[in-house]
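An overview of the molecular structure
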Amino acid sequence: MALHYCKKCGRVVEIKPDKTGYKDDTCDYCKSKVYPVPEKYWLDGLDFLITNEQEELLREELVKTAPEFDEYLFNHRDNDLQQRWAKTEAALEHGKAILEDKSKSPKCTYCGSTNIRKIGLLNRAISTEFWGLGSKKIGKQFHCNHCGADF
């Protein structure tokens, strides 16, 4: 893993190879190619550490002088990324809420399926009328559409 920088927007990112050894060398903000941070900007000779001052110096010397440099992207990068992260966070929270709501829904006690329906009063009354006290629906509230059980 090592720090890389984008010549277009000035973003400094840590690039890690995945399990296959492939490493994505594109900026996660503007999708431009990223380049390894030169050794002169490293902190204590470590290619994954850089001070804020060194990062500013890198942007002044290498980013703002590059032909690919886009001042609009450079100036709006942090705000745009915060908005992206806020949208992602909101989507994750929404997903959690949906999952929590599903976990609260009743499940079949036999097979665990959530594909169930409530046994209506009329359905129970008809079953009791036909079978009497031998009706399987006495004391049952739900019917599983997956395994056919009443519970």
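Residues numbered from 1 in each chain as written. Predicted model: local features only at pLDDT ≥ 70, side-chain atom pairs only at ≥ 80, totals over all residues. Heavy atoms only, no water.

**Observations regarding unusual backbone geometry**
The phi dihedral of K31 is positive, around 65°, even though this residue is not glycine. By the element assignment, K31 lies in the loop between strand 2 (12–15) and strand 3 (34–36). Residue class for K31 comes out exposed when judged on its relative accessible area of 59%. (Helix = DSSP H or I, 4+ residues; strand = E, 2+ residues; numbered from the N terminus. Buried < 20%, exposed > 50% of the residue type's maximum accessible area, 1.4 Å probe, protein only.)

**Side note on the nonpolar core**
Most often, soluble globular proteins have nonpolar side chains that are buried together. If you look at the biggest cluster of nonpolar residues, it comprises 10 residues: C6, C9, V13, I15, C27, Y29, C30, V34, L73 and L81. Of all the secondary-structure elements, those providing two or more residues to this core are strand 2 and helix 2 (71–104). In this structure, Y29 is in contact with C9, R11, L73, H76, R77, D80, L81 and R84, ignoring residues within four places of it in sequence. With 8 residues, the next largest nonpolar core counts V12, Y41, I50 and L58 among its residues. (Core = buried A, V, L, I, M, F, W, Y, C linked by side-chain atoms within 4.5 Å. Contact = heavy atoms within 4.5 Å.)

**Remarks on the sheet that holds strand 3**
If you trace the 3 strands from one edge of the open sheet to the other, you get 2-1-3, paired in antiparallel fashion. Two strands lie at the open edges of the sheet, namely strand 2 and strand 3, each paired on one side alone. Neighbour-to-neighbour, the strand axes of the sheet open up by a mean angle of 40°, direction not taken into account. Each of strand 1 (2–6) and strand 2 is contacted by helix 1 (residues 52–63), which is oriented at about 45° to strand 1, the strand it contacts most. (Pairing = 2+ DSSP bridges. Axes fitted to C-alpha atoms, helices over the stretch in contact; angles between N-to-C directions.)

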